[in-house]
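Here is how the chains run, residue by residue.
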Amino acid sequence: MSLNNMNDDKSFPSHIAIIMDGNGRWAKQRGLKRTAGHEEGAKVVREITKFCAKIGIKYLTLYAFSTENWARPKLEVEYLMRLLEKHLKNELEVFLENNIRFKAIGDLSKFSKSLQNTIKNTENMTSSCTGLTQVLALNYGSKDEIIRAIKKLNEQNLEITEENLESCLDTAGMSPVDLLIRTSGEVRLSNYLLWQNAYAEMFFTKTYWPDFNIEELEKILDDYKNRERRFGGI
Ligand SMILES: CC(C)=CCC/C(C)=C/CC/C(C)=C/COP(=O)(O)OP(=O)(O)O
Ligand SMILES: C=C(C)CCOP(=O)(O)OP(=O)(O)O
Ligand SMILES: [Mg+2]
């Protein structure tokens, strides 16, 4: 893979989105608690993020907690919240070393003040980084995002156009998803970036997220190169 001019290269995605699924099953397979799968998954987040930064990807949007995930047992939700906060604090150094900007999407108001502050602080501290933007989807649901965007349109008395709606989405200013990857064998979107994935190329792998690695991502990027994106044309 050449590192030159990747951002202008149509055979190379600018925006990769990943549904990081299968942590629980990975752990169960090993006789471990589900939370051990999340812990291992966080390590893969770091590895994949650094690789995407290195090869010149612009946006890496990772599904870390959905609006539906509150339905999980309280202990698992609490564990995930603690892991997120710990992870963000640990990652700050990695972000700064690798020129990575951090951004969160989703309705953050449902999180503890402490987690909200950590998220804001990480966004602020990395705001002048110009390489990859790592976007974490936190308490994110596409339906919720679209409803919040429509409310903003209304409040600002804006005409309902694609451009105006996009400017009110959490992903305002970002390019649409070029490549969507879901791990764990499930073949569904689970309320993830429904608008932004309108013309994404999709790739589903049976690998559980904690087993996902750079080699597999490289194979997916090779497959992406051979996709013919027509966007409705011929
Ligand atoms: C950024 C960060 C610190 C991330 C933490 C680790 C991580 C990858 C969290 C995603 C949480 C989640 C609901 C994963 C899906 O696996 P699942 O629990 O649905 O697994 P299953 O489908 O096998 O049950
Ligand atoms: C990866 C995240 C954060 C959400 C999607 O995975 P889920 O495991 O919650 O999705 P479903 O199988 O319930 O559709
Ligand atoms: Mg799952």
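Source: prediction; values computed, not measured.

Asker: I'm lost on the site of ligand 1 in this one. Help?
Answerer: Looking at ligand 1, there are 16 residues lining it, with Asp21, Gly24, Arg25, Arg34 and Arg72 nearest. Asp21 places a polar side-chain atom, nitrogen or oxygen, 2.9 Å from an oxygen atom of ligand 1. One nitrogen or oxygen atom from the side chain of Arg34 is found 2.9 Å from an oxygen atom belonging to ligand 1. Here the residues of the shell around ligand 1 sort into six nonpolar, six polar and four charged.

Asker: Got a minute to help me understand the site of ligand 2 in this structure?
Answerer: The full set of residues close to ligand 2 is Ile19, Met20, Asp21, Tyr63, Ala64, Phe65, Asn69, Arg72, Arg182, Arg188 and Ser190. Measuring from an oxygen atom of ligand 2, one finds a side-chain N or O atom of Arg72 at 3.3 Å. Contact with the protein chains hides 77% of the accessible area of ligand 2, taken as 390 Å² for the molecule alone. Sort the elements by how many residues they give to the shell around ligand 2 and strand β2 (residues 59-66) lands first, with three residues. Split into classes, the residues belonging to the shell around ligand 2 amount to five nonpolar, two polar and four charged.

Asker: Looking at this model, I keep getting lost on helix α2 (residues 34-55). Mind explaining?
Answerer: Quick reminder: α-helices carry 3.6 residues per turn. Residues three or four places apart thus point the same way. The terminal C-alpha atoms of α2, which comprises 22 residues, lie 32 Å apart, in line with the 32 Å expected from a rise of 1.5 Å per residue. If you check which residues of α2 are buried, you get Thr35, Gly37, His38, Gly41, Ala42, Val44, Val45, Ile48, Thr49, Phe51, Cys52 and Ile55. Next to the buried residues of α2 lie β1 (15-19), α1 (23-29), β2, α3 (74-97), β4 (133-140) and α7 (214-225). Once α2 finishes, Gly56 follows within two positions and takes phi at roughly 90°, a positive value.

Rules and cut-offs
- Residues numbered from 1 in each chain as written.
- Chains lettered and ligands numbered in written order.
- Predicted model: local features only at pLDDT ≥ 70, side-chain atom pairs only at ≥ 80, totals over all residues.
- Heavy atoms only, no water.
- Near = heavy atom within 4 Å.
- Polar contact = N/O pair within 3.5 Å; in protein donor to acceptor, adjacent residues only side chain to side chain.
- Nonpolar A, V, L, I, M, F, W, Y, C, P; charged D, E, K, R; others polar.
- Areas by Shrake-Rupley, 256 points an atom, 1.4 Å probe, with all protein chains shown as cover.
- Helix = DSSP H or I, 4+ residues; strand = E, 2+ residues; numbered from the N terminus.
- Expected span 1.5 Å × (residues − 1).
- Buried < 20%, exposed > 50% of the residue type's maximum accessible area, 1.4 Å probe, protein only.
- Contact = heavy atoms within 4.5 Å.

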